[in-house]
Amino acid sequence: MSEPSEWLIYRGAGEPHGGIEQLPPPPPWRDFAGRGAPAPDDPGGDGSADRRFGGYRHIAELHRPGAEELEMINAALYLRRPLLVTGSPGAGKSTLAHSVAHELGLGRVLRWPIVSRSALQDGLYHYDAIARLQDVQIAAHSAAAGTAGADSATSVGSYIRLGPLGTALLPSDRPRVLLIDELDKSDIDLPNDLLNVLEEGEFGIPELERIADRLPGGEAEVLDDDGNKVKVTGGRVQCRAFPFVVLTSNGERDFPAPLMRRCIHLELGRPDHQRLATFVRAHLGDEAARSGDDLIAHFLERSRSELLATDQLLNAIYLTDAAAPAGRDRLADLLIQRLDRPR
């Protein structure tokens, strides 16, 4: 039986060893160690900008989007319309939202990842009725014991937290950037449910509307998606600057015509060699891009007839560069498997 390759950390030998100490640093897009230490251009402090742009983002700035891409982005900005971006997985749809926020200084991207159970309410706000009920019961016991409790009406806002969409619609002089990611994974109702909110730029919070006349100045303090306390007047959130909304889709389904006519549609095509090389340099640096040039070319060749994702290319280049295994090409092919057919 041959000895395992030197790059292997887990060797399947059944004997404990300290090989985990030899594990190299994680790839930039999977590095979560910086959480809680916000970068100047990542005010959310969640590291999302670094994972999107890469650790070598200054190199990424050398790349310029195509003319059509620029025109559609600016059309959405001018017309205050959502931008619907479709394309294959890893084409850069989500990164587009971060790029606009970064260049225009619009702060942290508000991200709403869509799953099959997502509903409009999830994006707007969450009301924690159970927590409020518990506090009301505690206050009732305190009152019985002669201790004053908080006023029921004025404390309602303490149990409300705005979602990404709700936060994006808060009144401000500058628009926020909202990423509604992978809308095509939603159930059939969500695209239609979004129509009115995206058209009107406002929504009501019934829990606050019912008691607005009992609130000082009709205002209640709630938490936004950034974790800050904000005031809501009259139980309604109404934007002043319509947010830059990016809806992404992998093209797995069609959307209703009413949504399509309210959006600016941008389709991202298959990236060319230069764009992929820039993408790799942004995340892994010049040396990795040079050494992985043959993998980029092979990836492009395969992508003409197979559905592949650029994430797979990054994984292959990082691992073959960091570990330098003997069977480099074979390992790259194992990592870059076609997505449109089960193997």
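Quick caveat, the model's predicted, so the values are computed rather than measured. (Residues numbered from 1 in each chain as written. Predicted model: local features only at pLDDT ≥ 70, side-chain atom pairs only at ≥ 80, totals over all residues. Heavy atoms only, no water.)

**Structural notes on the overall build of the protein**
Note the threshold: Strands here mean DSSP runs of E at least two residues long; helices mean DSSP runs of H or I at least four residues long; both are numbered from the N terminus. Only protein chains enter the area calculation, which uses a 1.4 Å probe; residues under 20% of their type maximum are buried, those over 50% are exposed, and those in between are partly exposed. We call two residues contacting when some pair of their heavy atoms lies within 4.5 Å. Per-residue and other accessible areas were derived by the Shrake-Rupley procedure at a 1.4 Å probe size, with only the shown protein chains allowed to occlude residues.
Looking only at helices and strands, the protein features 15 helices and 11 strands. The proportion of buried residues among the 343 residues of the protein is 41%. Taking contacts inside the protein between residues at least 6 apart in sequence as the whole, the part at least 24 apart equals 79%. For the protein, the computed accessible surface area is about 18800 Å², with 51% contributed by carbon and sulfur atoms.

**Points about helix H3 (residues 67-79)**
What counts is decided by this rule: By definition here, a helix of n residues has an expected span of 1.5 Å times n minus one. To be clear, the arc concerns the directions from the helix axis to the C-beta atoms.
Helix length check: H3, at 13 residues, gives a terminal C-alpha distance of 18 Å against a target of 18 Å (1.5 Å per residue), a fit within 8%. Those residues of H3 lying buried are Glu69, Ile73 and Ala76. Along the long axis of H3, the arc covered by the buried residues comes to 60 degrees, so they all point the same way. Exposed residues lying more than 90 degrees from the buried face of H3 are Ala67, Glu68, Glu71, Tyr78 and Leu79. Elements in contact with the buried residues of H3: strand S1 (83-86), helix H4 (93-104), strand S10 (244-249), strand S11 (264-267) and helix H11 (273-284). Backbone geometry just downstream of H3 places Arg80 in the positive-phi region, at approximately 55 degrees.

**Digging into the pairing of strand S7 (residues 219-223)**
Test applied: When DSSP finds two or more bridges between a pair of strands, those strands are recorded as paired.
Where burial is concerned, the two faces of S7 differ: the one with Ala220 and Val222 is buried and the one with Glu219, Glu221 and Leu223 is not. Relative to strand S8 (residues 229-233), S7 is paired through five bridges, and the arrangement is antiparallel. By the bridge assignment, Leu223 is partnered in S8 with Lys229. Where S7 folds back on S8, the antiparallel hairpin that results is connected by five residues, among which Gly227 adopts a positive phi of roughly 90 degrees.

**Some words on the packing of helix H14 (residues 310-322) against helix H15 (residues 328-335)**
Keep this limit in mind: Between N-to-C directions, angles span 0 to 180 degrees; the directions come from axes that are lines fitted to C-alpha atoms, helices contributing only their stretch in contact. Throughout this description, any angle smaller than 35 degrees is read as roughly parallel, any larger than 145 degrees as roughly antiparallel, any in the 65 to 115 degree range as roughly perpendicular, and the remainder as oblique. By convention, the crossing between two helices is left-handed when the near helix turns anticlockwise from the far helix through less than a right angle, and right-handed when the turn is clockwise. The nonpolar class holds Ala, Val, Leu, Ile, Met, Phe, Trp, Tyr, Cys and Pro. Asp, Glu, Lys and Arg form the charged class, and all remaining residues, Gly among them, are polar.
Two elements in contact, H14 and H15, have axes separated by 9 Å at closest approach and are oriented at 150 degrees. One way to sum up the angle between H14 and H15 is to call them roughly antiparallel. Between H14 and H15 lies a crossing whose hand is right-handed. In contact with Gln312, Asn315, Ala316, Leu319 and Thr320 of H14, H15 contributes Arg328, Leu331, Ala332 and Leu335. Classifying every residue of the contact of H14 with H15 by side-chain character gives five nonpolar, three polar and one charged.

**What about unusual backbone geometry?**
Located in the positive-phi region is Arg80, a residue other than glycine, with phi close to 55 degrees. Examined against the element boundaries, Arg80 turns out to sit in the loop between H3 and S1. With phi around 60 degrees, Glu182 is a residue other than glycine that occupies positive phi space. Its location among the elements puts Glu182 in the loop between strand S5 (177-181) and helix H8 (190-200).

**Examining the packing of helix H13 (residues 293-303) against H14**
Across the interface, H13 lies against H14 with an axial gap of 10 Å and an inter-helix angle of 155 degrees. By the criterion of interaxial angle, the relationship of H13 to H14 is roughly antiparallel. Crossing angle aside, the handedness with which H13 passes H14 is right-handed. Two secondary-structure elements touch here, H13 through Leu295, Ile296 and Phe299 and H14 through Thr310, Leu313, Ala316, Ile317 and Thr320. Across the contact of H13 with H14, the residue classes tally to six nonpolar, two polar and no charged.

**Quick look at the confidence of the model for the protein**
Defined as follows: Scored from 0 to 100, pLDDT records how confident the predictor is in each individual residue.
Confidence in the prediction of the protein, expressed as mean pLDDT, is 84, and 84% of residues score 70 or more. Confidence, read as mean pLDDT per element, is least for helix H2 (residues 57-60) in the protein (48) and greatest for helix H7 (residues 164-168) (98). The model gives residues 36-45 a pLDDT under 50, and that stretch makes 14 contacts with residues more than four places away or in other chains.

**A look at the sheet that holds S10**
Where strands meet in a sheet, backbone hydrogen bonds hold them as pairs that are either parallel or antiparallel. Across the sheet, five strands lie side by side as S2-S5-S10-S1-S11; this open sheet has parallel pairing. At either end of the open sheet lies a strand with only one pairing partner, and these are strand S2 (110-113) and S11. Neighbour-to-neighbour, the strand axes of this sheet turn through a mean angle of 20 degrees, independent of strand direction. In the sheet, S5 pairs with S10 via four bridges, with the strands oriented parallel. Bridge pairing in S10 places Leu179 opposite Val246. Sitting on the sheet, H3 touches S1, S10 and S11, and the angle it makes with S11 is about 160 degrees.

**So, the side chain of Lys93**
Our working definition: By the counting scheme adopted, Arg and Lys are positive, Glu and Asp are negative, and His together with the chain ends is not counted. Salt bridge, as used here: a side-chain nitrogen of Lys or Arg that lies within 4 Å of a carboxyl oxygen of Asp or Glu. Polar contact is defined as a pair of N or O atoms within 3.5 Å, subject to the rule that within protein one atom must be able to donate a hydrogen and the other to accept it, and that residues adjacent in sequence are counted only when both atoms are side-chain atoms.
For Lys93, the position within the fold is in helix H4. Put simply, Lys93 is tucked away with no salt bridge, and the nearest opposite charge, on Glu182, sits 6.3 Å away. Within polar-contact distance, the side chain of Lys93 engages the backbone oxygen of Gly87 at 3.3 Å. Beyond its immediate sequence surroundings of up to four residues, Lys93 is in contact with Val85, Thr86, Gly87, Ser88, Val246, Thr248, Ser249, Asn250 and Leu268.

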